[in-house]
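# Residue-level structural notes
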Amino acid sequence: MKTIVVGGGASGMMAAYYRQISGNQVILFEKNEKLGKKLYITGKGRCNLTNDCEPQEFLNNVVSNPKFLISSINSYTPKDVMDFFEAYGLQLKVERGNRVFPLSDKSSDVIKTLKYALETAGVDVRYNETVVDVLAENGVIKGVVTDKKEYLCDNVIIATGGLSYASTGSTGDGYKFAKSLGHTVTELRPSLCGLNLQGNDFKELQGLTLKNVKLSAKDKKGEFYSEQGEMLFTHFGVSGPLVLTLSALMNMRKPSDVTISIDLKPALDGQQLDLRVLRDLNAKINKEFKNSLDELLPKALIPLVIKRSNIAQNKKNNSITVEERNKLVSVLKGLEFKVASLRDYTEAVITSGGVSVKEVNPKTMESKLVKGLYFVGEVLDLDAFTGGFNLQIAFSTAHSAGVAEE
Ligand SMILES: Cc1cc2nc3c(=O)[nH]c(=O)nc-3n(C[C@H](O)[C@H](O)[C@H](O)COP(=O)(O)OP(=O)(O)OC[C@H]3O[C@@H](n4cnc5c(N)ncnc54)[C@H](O)[C@@H]3O)c2cc1C
């Protein structure tokens, strides 16, 4: 059987490898001059290639359509991914949160390993060749057309990725192919990205990192996110680990309906915080309010907290009322900002939405509409939180499609 794989990223390489060793003749087309351009920038250049966890834990970290992945994650687990790379000579290490990296800390070593596996298996890799059309007749795959010529084959595996960081080659071609073959593509959105905020008052906080804060988010239906950790303010709004996770939960919501709230002192309840504030104010009883918060807050936050508390900054601490103190405590426990929008695909780690999984067989990744057509990786309507889970999605779905013809 002849298989054509479209795209030489994480999922395309893995699918091509397993197809070839399952006895197929595989051609992999990659539009770039090299394989895995996106893989190269993953994990800040270190590539967090999976998460060393059990399938159920993996599924808990998948945001869209986790049930669709039950079969493929159980037949190709994080442990299997680690075994694959180690068998091809890549030493690995496990870091905080079970994140798996190459021991060398170099994403290029992950790409080299996949490339070596492809060579060993005998996959025919064609560089600088872009697939421009996928051909089907009477519901059966016929072949592909590239910018060079037409190729006939029995199976086509679409592994073209999403829309984020388009400079790596992921320009959304797979969505176009899917639609032209009758597939539904669900709404696409940037995910695992920063959030633009409304208004201007966050701008004075640019560059401020907050550790051990609790970030919550609500929309018209109520609170849908609350987690403790780290975040930061930027020129556009907010980013950092907590915000990336939050962005992944925005796919069913209108961003401008969302308000975020930062609990700056999550370890203290309202009463404890009030006592703490009282102590700080009493320690400087004859000083002005604006000069009394430096023990409690990072410098950059003080002017905004004062503004939001509605306490005159020159007021003497000895004349601050209980009501004013209560308001201050409520600001410290819930500093609110309205979200304007998600950041752009140029900065998003992944794309949420994609080829509807309802039209794809979860065991094989084969289209239910076109025989011999497969979808793997980010082009599918699947996405997960950070931690190596997105690459695991790419590898597990690729494996399922790779061995489907065994
Ligand atoms: C900055 C950044 C950091 C990330 N870090 C991590 C991380 O540490 N861990 C993690 O799990 N995930 C991470 N991700 C997400 C992860 O990179 C993706 O989920 C994963 O690469 C998806 O794999 P894929 O094979 O589906 O798509 P891609 O890796 O995007 O590969 C698609 C390939 O198809 C090629 N292609 C597209 N169209 C055509 C065409 N028409 N013809 C021929 N070739 C074509 C492209 O050139 C590309 O090489 C990160 C993403 C980004 C942007």
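Just so we're clear, the structure is a prediction, and the values are computed from it rather than from any experiment. (Residues numbered from 1 in each chain as written. Predicted model: local features only at pLDDT ≥ 70, side-chain atom pairs only at ≥ 80, totals over all residues. Heavy atoms only, no water.)

## A closer look at the environment of serine 341
Rule in force here: In this text, helices come from DSSP runs of H or I with a minimum length of four residues, and strands from runs of E with a minimum of two, each type numbered from the N-terminal end. Relative accessibility under 20% of the residue-type maximum defines a buried residue, over 50% an exposed one, and the middle range a partly exposed one, all with a 1.4 Å probe and only protein chains included. Whether two residues touch is decided by their heavy atoms; if any such pair falls within 4.5 Å, the residues are in contact.
Here serine 341 lies in strand 18 (residues 335-342). Assessed through its relative accessible area of 28%, serine 341 is described here as partly exposed. Residues serine 341 and proline 241, 100 residues apart in the sequence, show an inter-C-alpha distance of 17 Å. Those residues in contact with serine 341, other than ones at most four positions away along the chain, are Leu195, Asn196 and Pro255.

## Observations regarding the sheet that holds strand 8 (residues 131-137)
Condition: For two strands to be treated as a pair, DSSP must find no fewer than two bridges joining them. For every element, the axis is a line fit to its C-alpha atoms; helices are fit only across the contacting stretch, and the angle between N-to-C directions ranges from 0 to 180 degrees.
The strand order across the open sheet formed by three strands is 8-9-10, and the pairing between neighbours is antiparallel. Of all the strands in the sheet, just strand 8 and strand 10 (150-152) have a single pairing partner and so form its edges. In this sheet, adjacent strand axes meet at a mean angle of 25 degrees when their direction is disregarded. In this sheet, strand 9 (residues 140-146) lies alongside strand 8 in antiparallel orientation, the contact comprising six bridges. By the bridge assignment, aspartate 133 is partnered in strand 9 with valine 145.

## Description of the packing of helix 1 (residues 10-21) against helix 6 (residues 107-121)
To be explicit about the condition: Reported orientations rely on four angle classes, namely roughly parallel under 35 degrees, roughly antiparallel over 145, roughly perpendicular from 65 to 115, and oblique for the rest. The hand of a helix crossing depends on one turn: near helix anticlockwise from the far one by less than a right angle means left-handed, and clockwise means right-handed. Think of it as three bins: nonpolar holds Ala, Val, Leu, Ile, Met, Phe, Trp, Tyr, Cys and Pro, charged holds Asp, Glu, Lys and Arg, and polar takes everything else, Gly as well.
The contact between helix 1 and helix 6 brings their axes to 9 Å, and the two run at 20 degrees. If you check the angle between helix 1 and helix 6, you find them roughly parallel. Crossing hand, helix 1 versus helix 6: left-handed. The segment helix 1 lies against helix 6, with Met13, Met14, Ala16, Tyr17, Gln20 and Ile21 engaging Leu114, Ala117, Leu118 and Ala121. In terms of residue class, the contact of helix 1 with helix 6 is built from nine nonpolar, one polar and no charged.

## Here's the deal with the domain arrangement of the protein chain
The cut-off we apply is this: Residue ranges assigned to the domains are those given by an automatic or database domain assignment. By convention, the term buried area covers the 1.4 Å-probe accessible surface removed from two parts as they join, with the contributions of both added. Salt bridges are identified by distance alone: a Lys or Arg side-chain nitrogen within 4 Å of an Asp or Glu carboxyl oxygen.
Taken domain by domain, the protein chain comprises domain 1 (2-190 + 348-402) and domain 2 (194-343). With eight residues of domain 1 at the contact, the number on the domain 2 side is eleven residues. Across the domain 1 to domain 2 interface the summed buried area is about 720 Å²; carbon plus sulfur atoms make up 59%. The largest contributions to the domain 1 side of the interface with domain 2 come from Arg189, Pro190 and Phe385, which together make up 61% of the buried area. Inspection of the region where domain 1 meets domain 2 yields zero salt bridges. Mapped onto the side of domain 1 that touches domain 2, the elements with two or more residues apiece are strand 4 (62-64) and strand 12 (189-191). Residues of the side of domain 1 that touches domain 2, tallied by class, amount to three nonpolar, three polar and two charged.

## A short note on the state of the cysteines
Just so we agree on the cut-off: Criterion for a disulfide: a pair of cysteine sulfur atoms within 2.5 Å.
By the definition in use, this model includes zero disulfides. Looking at the unpaired cysteine 47, the closest cysteine sulfur is the one in cysteine 53, lying at 16 Å. For cysteine 47, a relative accessible area of 1% corresponds to the buried category.

## So, the pattern of salt bridges
Going through the model one piece at a time under the given rule, you end up with 21 salt bridges. Taking the shortest distance from any N to any O, the salt bridge between lysine 37 and glutamate 33 comes out at 3.2 Å. Judged by its relative accessible area of 42%, glutamate 33 falls in the partly exposed class. One salt bridge connects glutamate 347 with arginine 343, and the closest N-O pair in it is separated by 2.9 Å. Judged by its relative accessible area of 16%, arginine 343 falls in the buried class. Via salt bridges that share partners, Arg46, Lys93, Glu95 and Asp105 belong to a single interconnected network.

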